Amino acid sequence: MGRQLLCIAVWMTGLVGCASAPPSVPDVARMVWPDQVFAYNDSLVTVAKDDLFQLDPVLLDTLKSPAVQQLSAAKRLERLIALLYGQELRRFNYSAGHSTVASETWRHKRGDCLSLTVLAYAMGRAMNLDVAMQEVPVATVFDRRDRLDFLSQHVNVRFHNTSRVDLLHGTSTMQSRDTIVDFEPEAGGHHIGQALSDLGILARYYNNIAAEHLAGGRSALAYAHFKAAILTDPRFAASYSNLALLYRSKGLLAEAEQMLRHAIGQSGQSYVPLHALQQLLKDQGREPEALLIERQIQSRRDIDPYHWIRLGLSHLQAGEYRSAIRALERAQSLTTGFEEVHHYLALAYWRAGERGQADQQLALLSTLKHNSTELSRLRKKITSPP
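What counts, and at which threshold
Residues numbered from 1 in each chain as written. Predicted model: local features only at pLDDT ≥ 70, side-chain atom pairs only at ≥ 80, totals over all residues. Heavy atoms only, no water. Helix = DSSP H or I, 4+ residues; strand = E, 2+ residues; numbered from the N terminus. Expected span 1.5 Å × (residues − 1). Buried < 20%, exposed > 50% of the residue type's maximum accessible area, 1.4 Å probe, protein only. Contact = heavy atoms within 4.5 Å. Core = buried A, V, L, I, M, F, W, Y, C linked by side-chain atoms within 4.5 Å. Axes fitted to C-alpha atoms, helices over the stretch in contact; angles between N-to-C directions. Parallel < 35°, antiparallel > 145°, perpendicular 65-115°, else oblique. Left-handed = near helix turned anticlockwise from the far one by under 90°. Nonpolar A, V, L, I, M, F, W, Y, C, P; charged D, E, K, R; others polar.

### Focus on the environment of glycine 265
Inference 1: Locating glycine 265 in the fold gives a position in helix H10 (residues 253-266).
Inference 2: With 240 residues separating them along the chain, glycine 265 and valine 25 place their C-alpha atoms 7.8 Å apart.

Structural data, given as C-alpha cells:
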C-alpha cells in the first residue's frame, strides 16, 4: 500500500541489534566461510556501488543543466523536493520488502525507504548539495512473513545548510537548520542519526536483497548477498545476525553462534541478537549460558527507550490504555525530544479519560513539531467533543 510521504526503513530478516561495549570489528579476511554448502559464486551479486547510485540519464541531464546548477543551494533543494514529491506530495509510493537501485526507483516511482533514500542522496550529489545519508534510531517493529521476522530500521537524507538567516531587519543573523528529507517522518524523521557512507548503505542494500532471497527460499543468492554485505561493511551488525538465521536453517549451529556473537559485538543499544543467541543456546540444552544471556537482555531492556515505546504502542493498539501509559511514561523518563513518545502518550491519556494529561502532552509536542499537519490532526481529535 502506498504512503503519502514515502517510506520506512531498511528491511532485515532475522534479529538485529545490541551491546554497549565498544565494537570489535571482526577480521573478515580471516573468517571461515562455508562457501561449498551454498555453492557460492561472487558473480551472483550483480550490483556494485556505482550501480546503486547511478541516476536515470534523462534525470541526470535535468539536474546537471545550467538552469538548475546556477540556482542557489536553497533553490536547488526546493527543486529536488519538488521532483521527488510533486505538487500533491504523492509522486512516489512506498513499497515495502524490495530494495532497488536509484535509476529503477526513479523509473517505477516507488521504493522502500532505502531505495528512496539512495535516490534522494544521488540526486543531491548531482545537484552539488551538501548531503548525507543517515540511519535513525526508531522503536523496533517486526513484520512476520512466511515464518520469518523482518525488522524495520530507518534511514533518511540530511541536507546540510550553511547559510545564515537575517534577523531583526539585518541587525543580526542566526545559523539556519539542516533539512531532513524523510519518506515516513512519523517513524523518526526529526532525529539526527548516524551518518552512513556509500559503502555503509551498499551493505544495507545487499542485506535487504539477501533477506528477500532468504524469504523466497533462494539460499545461494541469500548467502552471496549476506557475505557481500559483511565484506562491504564489517561494522554492519544486522548482516551477521541475518546470516546466522540462514546458517541455522542448514544446521550450521556453530557457525550461526559465531555470527550472532559478531552481531552482539557490533551492535548499539538494541538487544535483539541476544534473543536469537539465547534461543540457540536453549535449543542445544545449554541452559546456564542461556540464563546469562537472559540477564543481559533484561538489563538492556530496562534502559532501552525503544523497548518501552514499542511496548507502549502495542498496549495502545490493544486498547490497554493504562498499561500503555505506564510503558510510555517509562520511555519519557529515558528520553528528551522524542516526538513519538508525546504523541502516543497524548493518545493514551485521552483514551484513558485523562484529558488534562493529554493536553500537557500536546503542549510538549507543540514545542517540538510547531505547526505540523500531524499535530493539528492529533489536537483536533483530542479536543473534539466525545
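The structure having been displayed, the exposition proceeds.
### Examining helix H14 (residues 321-333)
Inference 1: Over its 13 residues, H14 runs 18 Å from end to end, which matches the ideal 18 Å to within 8%, given 1.5 Å per residue.
Inference 2: When H14 is considered as a whole, its buried residues turn out to be Ala324, Ile325, Ala327, Leu328 and Ala331.
Inference 3: In this structure, the buried residues of H14 make contact with helix H13 (305-317) and helix H15 (339-351).

### Comments concerning the nonpolar core
Inference 1: The biggest cluster of nonpolar side chains holds 47 residues, and the ones touching the most others in it are Leu52, Leu55, Met123 and Tyr205.
Inference 2: Residue contacts for leucine 55: discarding those within four places in its chain leaves Leu60, Leu63, Ala102, Ser103, Leu119, Ala122, Met123 and Ala126.
Inference 3: Listed in part, the 30 residues of the second largest apolar core include Ala244, Ala256, Ala276 and Leu280.

### Remarks on the packing of helix H8 (residues 219-232) against helix H9 (residues 237-249)
Inference 1: Orientation of H8 relative to H9, taken along the N-to-C sense of each, is 155°, at an axis distance of 9 Å. As far as their axial angle goes, H9 and H8 are roughly antiparallel. You can see that H8 and H9 cross each other, and the crossing is left-handed. Residue-level contacts link Ser219, Ala222, Tyr223, Phe226, Ala229 and Ile230 of H8 to Ser239, Tyr240, Asn242, Leu243, Leu246 and Tyr247 of H9.
Inference 2: When the residues that make up the contact of H8 with H9 are grouped by side-chain class, the tally is nine nonpolar, three polar and no charged.

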